[in-house]
Every structure is written in structure tokens, then in C-alpha cells.
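Listed here are the chains, written in short residue letters.
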Amino acid sequence: MPALSGFVTSITQDRFVQKVTDNVLNGNVLTMRLMANPKTWRGGTSIEVPVNLSAYTNLGSYSGFDTFATAQQSTRQRGTFVPSQAYCSIIVSGIQHAVNQGDAAQVDLIAAEMEQRGNDLKDELGTQVYSDGTGNSSKDFLGIQAAVDDSTNVATYGGLSRSTFTNWRGTLTAQSGSLSLANLAADFDAAQRGTDSPTLIVTTPAVFTIYEALLTPTVSHQFSMNDFRMTSEGMARVGGVLAANQGFRALSFRGVPVVADEKCTANNIYTLNENHLTF
């Protein structure tokens with residue numbers, strides 16, 4: 001649009017859209033899912049999680065008056081997690097608040113700041129969800145880089161050694177070459193125990209597109225006599241033109257959603273069971 005001269009702008013008021021549009025935070029998928037069902041903090045210096053990490057061996061077949069094993073075995077351990085904190089400052093001066101009043105306040109300053117800084121805090125949490133907890137002198141949240149590891153990068157998790165308790169390890173697969181469906185199947189199998197299966201597969205938008213390409217050769221195209229045209233009332237579907245569509249907005253693997261998260265660390269795919277992942 002060409003610049004207007006003072007001949008017009010000196011006597012014409014600007015037109016404000018009375019809403020702040022967010023172009024930054026909508027791709028924060030995993031954090032939004034975790035925050036949709038958070039656990040309530042009920043106090044205490046740490047979160048203690050009892051976990052069964054060893055196989056029980058006082059069992060088996062017997063005959064007649066065989067002697068049973070009577071030595072007590074402890075198969076349970078206690079993972080310990082300390083709470084972390086996050087903050088976001090909201091800084092507004094008295095004069096800024098004073099002038100943003102009445103008809104001149106096209107957008108309420110305090111409300112806009114509260115909403116935007118809340119979104120910024122969610123964005124920061126989204127970054128820390130994918131961390132290993134060592135950032136900012138280990139003040140950051142203990143994220144899934146620590147949870148999903150086989151002791152290669154994080155040897156101790158929740159105070160328990162992954163070398164001592166091998167069932168405390170996740171599966172970390174270093175992939176070389178092209179991604180295949182067999183790779184996804186192997187990771188899915190590794191994350192499954194009986195009927196306790198993964199509920200979500202998270203990756204980057206780039207890897208999401210790679211997975212989409214793996215499925216594309218098996219797609220049957222559906223053609224319809226429709227087209228989209230711009231009308232006086234906006235975009236409308238009209239008939240009479242043969243149209244085709246390609247690409248997916250939603251993908252799954254073995255019935256589990258595969259989602260693209262802009263916060264996901266580059267080149268990674270996380271196969272997660274959200275029943276054991278809590279915010």
C-alpha cells in the first residue's frame with residue numbers, strides 16, 4: 001500500500017485490530033497435551049515414584065514336598081524427582097498503564113501483557129520439556145531427553161542408576177540412512193510392554209514430512225468435481241472442475257497419533273507412553 005501524506009494522516013485515526021495475533025506459540029504440541037491434564041502439586045520436598053524394576057524369582061513349578069524359596073525379595077525401587085520452577089516477568093510502568101485507558105485503549109495493555117507473557121511462559125516450558133534438565137545450572141525442568149535415554153547421555157534418572165537397573169532404561173536408537181517403517185516398528189515394539197503401549201509419537205515438522213512421504217506411495221487418490229474459488233463472501237467450494245488433493249494433516253502409526261512439534265529437538269522421533277509422562 002502506498003504511503004499516505006500528512007494531508008490525510010493528520011486528521012485520520014489509525015484502525016486497530018482489537019486482538020493480538022500470535023504467530024509464535026501454536027506449534028507447541030507436546031507441552032499443550034501435558035498441560036491439558038496436569039497433576040496437582042500437593043507439597044513436599046520431592047516427588048517419590050515407586051517403580052518395579054526387578055524380576056521376582058521366588059516362583060515356579062514344583063513336585064510333592066519340594067522346598068519353596070523363602071528368602072524375601074525386594075523388586076521395588078523409589079525414583080526421586082525434585083520440583084523445578086519457571087517464571088516470566090510482566091513489566092508495565094505506572095504512566096504506561098495510565099495512558100492505556102478509556103477510548104484510547106484499543107487493546108487493554110494489562111490484559112494483553114498477561115495473556116502474551118502467559119503464552120511466552122508456555123513457550124519456555126515447551127523448550128524445557130525437550131531438555132535433559134542440566135540447563136541453567138541444572139535449574140531447568142527434567143525433560144524427555146533425560147526420560148527417554150538408555151544411559152548413553154543420562155546415566156542416572158530419578159536418583160536410580162540405569163546401569164544397575166536396566167529396566168529403568170529407555171530405548172535410544174541412533175539412525176543412519178533413510179527412515180523406514182521398520183525403524184518405527186522397532187522403536188514402537190521397544191516402548192511396549194504387554195498391553196501397555198505408546199500413546200503418542202512426537203517428531204519435528206521435517207521428520208513428519210519424511211514419514212508422510214513413506215506413506216504416499218500407498219495412497220489411493222480420490223478425485224471429485226470440486227474446486228475452490230474466491231467469491232465476494234470469501235473462499236467457497238464450487239463444482240464442475242475435476243480436483244485432487246494430496247498430503248496429510250494427520251498421521252498415525254499402529255493407531256497411535258504421529259504429531260509434528262516445532263519444539264522437538266532436530267532429527268528426533270519420540271515414541272511415548274503418556275500414562276507414564278506427567279506434568
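Residues numbered from 1 in each chain as written. Predicted model: local features only at pLDDT ≥ 70, side-chain atom pairs only at ≥ 80, totals over all residues. Heavy atoms only, no water.

Caption draft 1: How the structure looks around the environment of Gln 101. In this structure, Gln 101 sits in the loop between α3 (94-99) and α4 (109-129). For Gln 101, the side chain forms a polar contact with the main-chain oxygen of His 97, separated by 2.7 Å. (Helix = DSSP H or I, 4+ residues; strand = E, 2+ residues; numbered from the N terminus. Polar contact = N/O pair within 3.5 Å; in protein donor to acceptor, adjacent residues only side chain to side chain.)

Caption draft 2: A look at the packing of aromatic side chains. Summed over the entire model, instances satisfying the criterion amount to 6 aromatic pairs. Ring geometry for Phe 81 and Tyr 157: centres 5.1 Å apart, planes at 70 degrees, overall edge-to-face. You can see Phe 81 sitting in strand β2 (residues 76-81) and its partner Tyr 157 sitting in strand β3 (residues 156-157), a full 76 residues away along the chain. Comparing Phe 81 with Tyr 157, the two get one shared label, buried. Look at Tyr 130 and Tyr 270: their rings are 5.9 Å apart centre to centre, the planes differ by 50 degrees, and that puts the pair in the tilted class. With Tyr 130 in the loop between α4 and α5 (135-138) and Tyr 270 in strand β10 (residues 269-272), this pair connects stretches of sequence that are 140 residues apart. You'll find Tyr 130 and Tyr 270 in the same group, each marked buried. (Phe/Tyr/Trp six-rings, centres within 6.5 Å; stacked < 30°, edge-to-face > 60°. Buried < 20%, exposed > 50% of the residue type's maximum accessible area, 1.4 Å probe, protein only.)

Caption draft 3: Local environment of the pattern of salt bridges. A complete count under the given rule lists 6 salt bridges for this structure. Residue Asp 123 pairs with Lys 263 through a salt bridge whose shortest N-O separation is 3.1 Å. With Asp 123 in helix α4 and Lys 263 in the loop between β9 (256-260) and β10, this pair connects stretches of sequence that are 140 residues apart. In the salt-bridge network here, residues are joined through shared partners; they are Glu 113, Arg 117 and Asp 120. (Salt bridge = Lys/Arg side-chain N within 4 Å of Asp/Glu carboxyl O.)

By themselves these figures say nothing about function.
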